[in-house]
Amino acid sequence: TEHLRPHFVLLKDLLAAALQDAQLDVARGALKALSAWTPSLGTEQDAASLLRPLVPLVLGLGARALGESDSLGDDETITLVCSLMDDLLEQDGAVQPAQVSPIADYALAAAASTSLELEPRRAALHLCACLVGTRRRAVVKQKLLPAMLARLFEVCSSGGIGAPDDDDDDESKVYKMAAQVFETVAELVPSKHVMPLLLELVATHAPSPDPARRRAVLLILAVTAAGCAEAFAKELPRLMPVVYAGCEAPEPQVREAACLAIGLFAQSLHPEILEHYERVLPHLFEVLADARGEVQGRACYAIEAFCDHLG
């Protein structure tokens, strides 16, 4: 870095030109070079001013790669873009407030693209979480959260529910990673901004005939309860019927998600959750008789978590 410092501006200009090159291989090479250079800048005084003009070019290349689904190396480029954007978000001043919305749009579009392999979608969802973690004030101030959670919900419920033994396929991994972004949002963004949006998702999708949507509702409620505990506790009379319906669902994956929700509610929402014991425990005992071992195991977890706080 010391030897390169006198040439930083020239290097930035070269990378800017290469990121826009018509040949994707050249642009991808510039992306790799920038990915290596960015962390080495560290606390360099002019790091932000050097990197700032490159952010829209990186996003442009990412959008180009996302639109060229038949292009060789497309997944690699998208993964690199998302990883680099993580690093740029960590650099103070490199990403301006006006760029937060385009970054969110790009990450959500990549996460939702079923034509991509698992790794770029994983990287895109990680970028969503990183964006919330580093720019949550901008996300809230620019009113990006409603669209972000709505689109994340679509990722969380995409691909259908699959066969009971398909939990290790890529779509199953993607929906679980999307749920983890909800968890990050609940932990980092004040619940007054999050809870109304969660309730809206519940009202819209809990009655759905699509089991993937009903499972997504329950999974999201489960992972966001701890981060919005006070708000959740107040809404339990509205939320518990959704969970009970999940316990009675014909699909084992939905029943399993309902048990997970009860278990995590028990850990985060006591003593309020205990007021619902007269309906919670019979539903759990009913699920305990399930033919599927995975569902039985989740019911046992929920019963143990609930009973831990009865005493």
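Definitions and limits used
Residues numbered from 1 in each chain as written. Predicted model: local features only at pLDDT ≥ 70, side-chain atom pairs only at ≥ 80, totals over all residues. Heavy atoms only, no water. Helix = DSSP H or I, 4+ residues; strand = E, 2+ residues; numbered from the N terminus. Buried < 20%, exposed > 50% of the residue type's maximum accessible area, 1.4 Å probe, protein only. Contact = heavy atoms within 4.5 Å. Areas by Shrake-Rupley, 256 points an atom, 1.4 Å probe, with all protein chains shown as cover. Lys, Arg positive; Asp, Glu negative; His and termini not counted. Charge placed at Lys NZ, Arg CZ, Asp CG, Glu CD. Phe/Tyr/Trp six-rings, centres within 6.5 Å; stacked < 30°, edge-to-face > 60°. Lys NZ or Arg CZ within 6 Å of the ring centre and 35° of its normal. Core = buried A, V, L, I, M, F, W, Y, C linked by side-chain atoms within 4.5 Å. Expected span 1.5 Å × (residues − 1). Polar contact = N/O pair within 3.5 Å; in protein donor to acceptor, adjacent residues only side chain to side chain.

Student: Would you take a moment to explain the overall build of the chain for this structure?
Tutor: Secondary structure summary: the chain contains 15 helices and 0 strands in total. With respect to the three principal axes, the spread of C-alpha positions in the chain is 70 × 40 × 30 Å. Within the chain, the proportion of its 311 residues that are buried is 52%. Relative to all contacts within the chain whose residues are 6 or more apart in sequence, the contacts with residues 24 or more apart total 75%. Accessible surface, the chain: about 14,100 Å² in total, of which carbon and sulfur atoms supply 54%. The distance from the centre of the 26 positive side-chain charges to the centre of the 43 negative ones in the chain is 6 Å.

Student: I would appreciate a short explanation of the packing of aromatic side chains in the present structure.
Tutor: Remark: the centre distance and the inter-plane angle together describe each pair of aromatic rings, the angle taken between the planes. Throughout the structure, instances matching the rule amount to 2 aromatic pairs. Note on Phe8 and Trp37: the rings are 5.4 Å apart at their centroids and 65° apart in plane angle, and the pair reads as edge-to-face. On the criterion of sequence distance, the pair formed by Phe8 in helix α1 (residues 8–19) and Trp37 in helix α2 (residues 24–41) is long-range, its members being 29 residues apart. Residue class for Phe8 comes out buried when judged on its relative accessible area of 1%. A residue is classified by how much of its surface remains accessible, and Trp37, at 6% relative accessible area, is buried. One Lys or Arg, Arg215, reaches over the ring of Tyr175 and ends 3.8 Å from the middle of that ring.

Student: Mind showing me how you'd approach the nonpolar core here?
Tutor: Across soluble globular proteins, you tend to see nonpolar side chains buried next to one another. Residues Phe232 and Phe265 are the most contacted members of the largest nonpolar core, which totals 121 residues. With 11 residues, helix α7 (residues 118–141) is the largest single contributor of residues to this core. Setting aside chain neighbours within four positions, we find Phe232 in contact with Met195, Leu198, Leu221, Thr224, Ala225, Leu239, Phe265 and Leu269.

Student: I'm lost on the environment of Tyr244 in this one. Help?
Tutor: With respect to the helices, strands and loops of the structure, Tyr244 is situated in helix α12 (residues 229–247). Once the C-alpha coordinates of Tyr244 and Phe232 are considered, the two residues, 12 residues apart in sequence, prove to be 16 Å apart. Sequence-distant contacts of Tyr244, defined by excluding residues within four places in its chain, comprise His276, Arg279, Val280 and His283.

Student: Got a minute to help me understand helix α4 (residues 55–67) in this structure?
Tutor: Structurally, the α-helix is built with 3.6 residues per turn, so residues lying three or four positions apart point the same way. The terminal C-alpha atoms of α4, which comprises 13 residues, lie 18 Å apart, in line with the 18 Å expected from a rise of 1.5 Å per residue. Residues of α4 that are buried: Val55, Leu57, Val58, Leu59, Leu61, Gly62 and Ala65. Looking at the buried side of α4, the elements it contacts are α1, α2, α3 (47–51), α5 (74–90) and α6 (100–112).

Student: Sorry if this is basic, but what is going on with the side chain of Ser158 here?
Tutor: Residue placement: Ser158 occurs in the loop between α8 (145–156) and α9 (170–188). Its relative accessible area of 16% is what places Ser158 among the buried residues. Within the structure, Ser158 has its side chain in polar contact with the backbone oxygen of Val155 (distance 2.9 Å).

This is a description of form; function is not addressed.
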